Amino acid sequence: MTLRVLHETGYAYDAPVELAHHLGHLRPRDTPLQRVRSWELSVTPPPDGGLHQSVDPWGNHRVSFSHARVHAQLLVVSRFVTEIDPLPRLRPESSPPWEAVAARLRYRPGAGFDEAVEFTLGSAYAPREASLARFATRVFRPGTPLLVGALAMMHLIFRHFTYQPLATSVNTRAPEALAQRQGVCQDFAHVMIGAMRSIGLAARYVSGYLLTHPPPGQPRLIGADASHAWVSVWCPVHGWVALDPTNAVPAGTDHVTLAWGRDYADVAPLRGVIRGGGRAEPRVAVTVEPLDAVIESE
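First, a word on scope: everything that follows refers to the structure included in this document. No experiment lies behind these values; they were computed from the predicted model shown. (Residues numbered from 1 in each chain as written. Predicted model: local features only at pLDDT ≥ 70, side-chain atom pairs only at ≥ 80, totals over all residues. Heavy atoms only, no water.)

So, about the environment of Ala72. With respect to the helices and strands, Ala72 occurs in strand E5 (residues 71-84). Between the C-alpha atoms of Ala72 and Gly276, which are 204 residues apart in sequence, the distance is 9.7 Å. Excluding residues that lie within four positions of it along the chain, Ala72 makes contacts with Tyr11, Ala12 and Tyr13. (Helix = DSSP H or I, 4+ residues; strand = E, 2+ residues; numbered from the N terminus. Contact = heavy atoms within 4.5 Å.)

Next comes the structure, spelled out in structure tokens:
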């Protein structure tokens, strides 16, 4: 699958902005299943000193820019084309018991570096808490193969949580989302991550996009035309396995990976600090299209 993505973020400020600094995770990353063919970013008004690109501790691309001139509006547009390969077949029953994996991932002073261990630790949005651990044990029973349990948790969240955009805010943490049993894709991902971490397993937050127009005969996926989020679970046999609890599917060729981290705070698409501006909600528009469909329409 070759996809073209257009992500536009606009602000119309209530009052002039005198000074602004912004940081974004808007450039997609290459993965074993995803290859980025092109990417470009435009910012209006043009930032002072241009765009500054760097790589964060998790290997994500990030860009920063600043404005020292007064402005009343801001428009940030990311465009890219990426190729995504189908997922290899999962064999959940072949994964080891979850308790054995949790024991392997337990922190030990002086042990060699293991990337997965970091993602067993609690974070601001996905802490390790007793309520989340109790939720996890509804599916992670003694001896359950890790991926069998992870898939069951994905379906558990899908069945018992309501997708409700106004029920939570960007600052809602996993325990609060669990108590409410409703929210958006960010909340679904944080609940699953926090629950798995709370029993000693490794899970990370993945930000990205969903294909706007699904293949013929397939249902329209929740979260299309917007930034999306899902979960990547560590299994010693399968590596990192991406699961989407909002739609109860493994993340496949409809899912475009942007960045990953401990939770939303690590990979927010765009954040900033401004002086002035008053109150202004962002206007976000995302279009994800198969490249062959784009060529035919043009």
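From this point, the discussion proceeds with the structure in view.
On to the side chain of Thr257, then. The residue Thr257 is located in strand E12 (residues 255-261) in this model. According to the relative accessible area criterion, Thr257 is buried, its value standing at 12%. For Thr257, the residues in contact, after removing those within four places along its chain, are Pro28, Arg29, Thr31, Gln34, Val206, Ser207 and Trp230. (Buried < 20%, exposed > 50% of the residue type's maximum accessible area, 1.4 Å probe, protein only.)

The sheet built from five strands is open, its strands ordered E11-E10-E9-E8-E12 with antiparallel pairing. Of all the strands in the sheet, just strand E11 (249-250) and E12 have a single pairing partner and so form its edges. Pairing analysis gives five bridges linking strand E9 (residues 227-235) to strand E10 (residues 239-244), with the strands arranged antiparallel. What sits directly across from Ser232, in E10, is Ala242. (Pairing = 2+ DSSP bridges.)

With that settled, the discussion passes to the pattern of salt bridges. Scanning the entire structure with this criterion turns up ten salt bridges. The partner of Arg37 in a salt bridge is Glu83, and the shortest N-O contact between them spans 3.5 Å. Of this pair, Arg37 sits in strand E2 (residues 34-44) while Glu83 is found in strand E5, placing the two residues 46 residues apart along the sequence. Ionic pairing is found between Arg173 and Glu129, a salt bridge with its closest N-O pair at 3.3 Å. Placement of Arg173 in the loop between strand E6 (162-163) and helix H5 (174-180) and of Glu129 in the loop between helix H2 (115-118) and helix H3 (130-136) is noted, with a sequence separation of 44 residues between them. The class for Arg173 is partly exposed, based on a relative accessible area of 26%. Classification of Glu129 by relative accessible area gives partly exposed; the value is 29%. Sharing partners across several salt bridges, the network here consists of Arg35, Arg37, Glu83 and Asp85. (Salt bridge = Lys/Arg side-chain N within 4 Å of Asp/Glu carboxyl O.)

Compared with an ideal rise of 1.5 Å per residue, which puts 13 residues at 18 Å, helix H6 (residues 185-197) spans 18 Å between its outermost C-alpha atoms and is within 8% of the ideal. Burial within H6 is extensive, with 13 of its 13 residues counted as buried. (Expected span 1.5 Å × (residues − 1).)

In this section: helix H4 (residues 146-160). Counted at 1.5 Å a residue, the expected span for H4 with its 15 residues is 21 Å, and the 21 Å between its end C-alpha atoms agrees. All of the buried residues along H4 are Leu146, Leu147, Gly149, Ala150, Leu151, Met153, Met154, Leu156 and Ile157. Here the buried face of H4 lies against helix H1 (98-105), H3, H6, E9, E10 and E11.

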